[in-house]
Amino acid sequence: MPEIKLTIAPGTFKALEKPPYAAGTVQSATGKVWQVPAELTTADKFGIFRCRTSSFRDNYKVEPGLYAIGQPGGASDIIVTANYKYSFDVVRHALKGMSAWILVLDTKGINVWCAAGKGTFGTAELIKRMSLVHLEKLSERKTIILPQLGAVGVSAHEVRKATGFRVVYGPVHAKDLKAFISAGYKATKEMRTMEFTITNRMALVPMEVIPMLKKYPFFALIALLAFGLEPSGILFKSALGGGLPFLAFGLGSIFTGAALTPALLPFIPARSFAAKGWIMGVVGTGLLMSVFPHFNPILLGITLLFFPMASSYIALQFTGSTTFTGMSGVNKELKTSIPIYLVSVAVSVLLLIVYKIIEWRIL
Amino acid sequence: MKYLSKVASLKLNAQKCVGCGMCLEVCPHNVLRMEGRKAVIADLDGCMECGACMTNCAFGAITVNKGVGCAAAIINSILYGGEPSCDCSGGKNGDSCC
Ligand code: SF4
Ligand code: SF4
């Protein structure tokens, strides 16, 4: 394919070379603009799948600027999104069959919601990007459609003051864009609401469990050392014999805190995440204890104190992935729970020392 | 799903409110409602303190202590200083958070 060199509106895009996701160009009032298809390639779809199921992807970006879908003109809708390729792909796919402009802000490859929280999907970047692509010359509509979650970073009245453009907040999810537009730019209550369904939560579980499993070897090492340490040295047999139940309890806490609590979130009594995690931790530890029935009373104390608490701490981390926990609430939880965690750890260590002293018959 | 009760820092000054309805449009949790020609806080416990309503009220009628409701972010800000922010790019899905 011959390389296309274009006379493009200044600032429309930095790269004159065709981006891989562009199909061709369309003529606009300000010059040529890359046209992108609404159909996603297999690679795009795989990218979406990965973004939804695994961790956030670094460097999955598109070039900020203006793009065309279909054959838009001066009266066409202008949809604003982030330059995280996932966001861009979801938006262009949602506009299938339409002719519209897509204005991509430079959010450093971060999705709308997070970028709006940080302020990169924000008033200043929006105003700058609008002027770079000469949106005022391109559009007779003087209206732009933003994703609703962008409102966290963008102030509609300030944009209007600076550019004369009216900001309309579209639905939370791009998939509702067409319905929103055909309803005369009206969103239903459902389109406006951020849900947190069981599917959403289950998709997040691996991201909670994996970081904890990475920390698990440290815990396992300490537990094995603590049990294996004998006056005559570190004994493998006592390490395994005494340590095994603790290794199981540790895994149990990860499971109840990082998987069970998120999955059953609305069904666990108490609103506090620390409390929810602790409740699930008690249940989990209790069930596991029936597997290891012969327990020394001191070890029993440690088990009941430490493992539900670990589950509680792990569950508290899930506040970062929810769509409904606020900072004041998390602050409040941390203020009460962190001292409890510290004391529980200290007491557990003390009890373990007492246990070892008795075991070694030092006293 | 609701988080802790009566802790959200959201405040609405009815005197400044002109009833334009913008805050209702941007709130992702239906926290606000129109009552007559004023917006009112209908569900304080539903507020996640995202700040969208405050940023988009042209009349300065809403204040909220905007921030991230994420334990790891807040713990990091206590340990290392600075505002809590969701900079932990190794996590969270692209759909709802970072
Ligand atoms: S945006 Fe401000 S002025 Fe408009 S209804 Fe809400 S509080 Fe009232
Ligand atoms: S801060 Fe966010 S969640 Fe709370 S009322 Fe405002 S828009 Fe709604």
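Conventions used here
- Along every chain, residues carry numbers that run from 1 in the direction the sequence is written.
- Chains and ligands are labelled sequentially in the order written, the chains with letters from A and the ligands with numbers from 1.
- pLDDT decides what is reported in this predicted model: residues at 70 or higher carry local features, side-chain atom pairs at 80 or more are listed and counted, and totals for whole chains, interfaces and linings draw on all residues regardless.
- Hydrogens are left out, water is left out, and the side-chain values use all remaining heavy atoms of the structure.
- Under the DSSP-based scheme used, a helix requires at least four consecutive residues in state H or I and a strand at least two consecutive residues in state E, with every element numbered from the N terminus.
- Our radius of gyration is a C-alpha quantity, and the globule rule it is checked against amounts to 2.2 Å times the number of residues to the power 0.38.
- Categorising residues by exposure relies on relative accessible area from a 1.4 Å probe, with only protein chains included: less than 20% of the type maximum marks a residue as buried, more than 50% marks it as exposed, and the intermediate range marks it as partly exposed.
- In this analysis, two residues are considered to be in contact whenever any of their non-hydrogen atoms come within 4.5 Å of each other.
- The accessible surface values rely on the Shrake-Rupley method and a 1.4 Å probe; as for residues, cover is taken only from the protein chains in view.
- Residues counted as positive are Lys and Arg, residues counted as negative are Asp and Glu, and His and the chain ends are not counted.
- The atom standing in for a charge is NZ when the residue is Lys, CZ when it is Arg, CG when it is Asp and CD when it is Glu.
- Both site types are read off a 1 Å grid over the protein atoms alone. A 1.4 Å probe that fits but cannot get out defines a cavity, while an open set with protein on both sides within 12 Å along at least five of seven lines defines a pocket; lining residues have an atom within 4 Å of a point.
- Grid points are joined across faces, edges and corners, and a volume is the space filled by probe spheres set on the points.
- Side-chain classes are defined by residue name, with Ala, Val, Leu, Ile, Met, Phe, Trp, Tyr, Cys and Pro counting as nonpolar, Asp, Glu, Lys and Arg as charged, and the others, Gly among them, as polar.
- Buried area: the accessible area, evaluated with a 1.4 Å probe, that two parts lose upon being put together, summed over both parts.
- Between Lys or Arg on one side and Asp or Glu on the other, a salt bridge is scored when a side-chain nitrogen of the former is within 4 Å of a carboxyl oxygen of the latter.
- Counted as a polar contact is a pair of N or O atoms within 3.5 Å, where, for protein atoms, one must be capable of donating a hydrogen and the other of accepting one, and residues adjacent in sequence contribute only when both atoms are in side chains.
- In this scheme Phe, Tyr and Trp rings, the latter by its six-membered ring, pair at centre separations within 6.5 Å, and the angle between planes marks the pair as stacked below 30 degrees, edge-to-face above 60, and tilted otherwise.
- Multiplying one less than the number of residues by 1.5 Å gives the expected span of a helix.
- Two axes enter the bend calculation: one fitted to the seven residues ending at the residue in question, the other to the seven starting there, and the bend is the angle between them.
- Being near a molecule or strand, for a residue, comes down to having at least one heavy atom within 4 Å of it.
- Domain limits in this description derive from either an automatic procedure or a database domain assignment.
- Think of it this way: if more than half of a molecule's atoms are within 2 Å of a pocket's grid points, that molecule is in the pocket or cavity.

Colleague: Would you mind showing me how to read the overall build of chain A here?
Modeller: Summing up its helical and strand segments, chain A has 13 helices and nine strands in all. Computed over its C-alpha atoms, the radius of gyration of chain A comes to 27 Å, more than 25% above the 21 Å expected for a compact globule of 363 residues. Per-residue burial for chain A yields a buried fraction of 54% across its 363 residues. Across chain A, every contact between residues at least 6 apart in sequence was considered, and the portion connecting residues at least 24 apart equals 66%. With the model as given, the accessible surface of chain A reaches about 16600 Å², and the carbon-plus-sulfur share is 67%. Charged side chains in chain A number 37 positive and 20 negative. The centres of these two groups are separated by 3 Å.

Colleague: How should I be thinking about empty space enclosed by the protein in this particular structure?
Modeller: Rolled over the atoms, a probe sized like a water molecule indicates the empty space that remains. All names here are of chain B. In total, this model carries three cavities of 30 Å³ or more according to the counting rule given. When its volume is computed, the largest cavity comes out at roughly 90 Å³. C27, V31, C47, C50 and C53 are the residues nearest the centre of the largest cavity, which is lined by 13 residues in total. The residue makeup of the lining of the largest cavity, split by class, is ten nonpolar, two polar and one charged. Surrounding the second largest cavity, 14 residues form its lining, C17, C20, C23, C57 and A61 being those nearest its centre.

Colleague: Could you clarify how one ought to interpret the interface of chain B and chain A in this entry?
Modeller: Interfaces are often sized by the accessible area lost when the parts come together. The interface of chain B with chain A comprises 46 residues on the first partner and 54 residues on the second. When chain B packs against chain A, the two sides together hide about 4600 Å² of surface, and 60% of this comes from carbon and sulfur. Where chain B packs against chain A, one counts two salt bridges. Taken together, chain B and chain A are joined by 20 residue pairs in polar contact (both at pLDDT 80 or more).

Colleague: It is not clear to me how the packing of aromatic side chains should be interpreted in this structure. Could you clarify?
Modeller: Two aromatic rings are characterised by how far apart their centres lie and by the angle between their planes. Residues and elements named next belong to chain A. In this structure the tally under the stated criterion is 23 aromatic pairs over all chains. Ring geometry for Y21 and F88: centres 5.6 Å apart, planes at 65°, overall edge-to-face. Of this pair, Y21 sits in the segment before β1 (24-28) while F88 sits in helix α2 (residues 85-94), and the two are 67 residues apart along the sequence. In this structure Y21 comes out as buried when scored by relative accessible area, which is 11%. Ring pairs connect the aromatic residues Y216, F219, F227, F246, F249, F292, F306, F307 and Y355, which therefore count as one cluster.

Colleague: Help me understand helix α13 (residues 327-359) of chain A, please; the structure alone is not making it clear to me.
Modeller: Given 3.6 residues per helical turn, the α-helix brings residues three or four places apart onto the same face. Its 33 residues give α13 of chain A an end-to-end C-alpha distance of 46 Å, which sits within 8% of 48 Å, the value for a rise of 1.5 Å per residue. S337 of chain A marks the point of greatest bend in α13 of chain A, at about 30°, and the proline P339 of chain A comes within the next four residues. On its buried side, α13 of chain A packs onto α9 (198-228), β8 (229-230), α11 (273-289) and α12 (297-317) of chain A together with α3 (71-80) of chain B. Immediately beyond the C-terminal end of α13 of chain A, within one or two residues, lies R361 of chain A, with a positive phi of roughly 55°.

Colleague: Help me understand the environment of G36 of chain B, please; the structure alone is not making it clear to me.
Modeller: Within the element layout of this structure, G36 of chain B appears in the loop between β2 (32-35) and β3 (38-41). A C-alpha to C-alpha distance of 26 Å links G36 of chain B and V7 of chain B, two positions 29 residues apart in sequence.

Colleague: Where do I start with the site of ligand 1 in this structure?
Modeller: Neighbouring ligand 1 are the residues C17, V18, G19, C20, G21, M22, C23, A39, C57, F59, A61 and I62 of chain B. Residues of the shell around ligand 1, tallied by class, amount to ten nonpolar, two polar and no charged.

Colleague: How do you make sense of the domain arrangement of chain A when you look at a structure like this?
Modeller: In terms of domains, chain A is made up of domain 1 (4-192) and domain 2 (198-359). Placing the centre of domain 1 of chain A and that of domain 2 of chain A at their C-alpha centroids yields a distance of 44 Å.

Colleague: Please clarify how the pattern of salt bridges should be interpreted in this entry.
Modeller: When charged atoms on two side chains of opposite charge get close, those side chains can pair. All names here are of chain A. In the structure shown here, the tally under the stated rule is 13 salt bridges over all chains. A salt bridge links D89 to K85, with the shortest nitrogen-to-oxygen separation between them at 2.8 Å. Of the two residues, D89 and K85 are both situated in helix α2; the distance of four residues between them amounts to about one turn of the helix. Exposure class is identical for D89 and K85. Each is buried. Residues joined in a network through salt bridges with shared partners are D44, K85, D89 and R92.

Colleague: Would you mind showing me how to read the site of ligand 2 here?
Modeller: Residue and element names in this part refer to chain B. With respect to spatial proximity, the complete set of residues near ligand 2 consists of L10, C27, P28, V31, L32, C47, M48, E49, C50, G51, A52 and C53. If you map ligand 2 onto the pockets, it falls in the largest cavity. Taken together, the residues of the shell around ligand 2 break down into ten nonpolar, one polar and one charged.

Colleague: When you look at helix α10 (residues 236-264) of chain A in this model, what are you seeing that I'm missing?
Modeller: Its 29 residues place the ends of α10 of chain A 39 Å apart at the C-alpha level, agreeing with the 42 Å of an ideal helix rising 1.5 Å per residue. Taking the largest bend as the criterion, α10 of chain A deviates by roughly 45°, centred on G243 of chain A, and proline P245 of chain A comes between one and four positions later.

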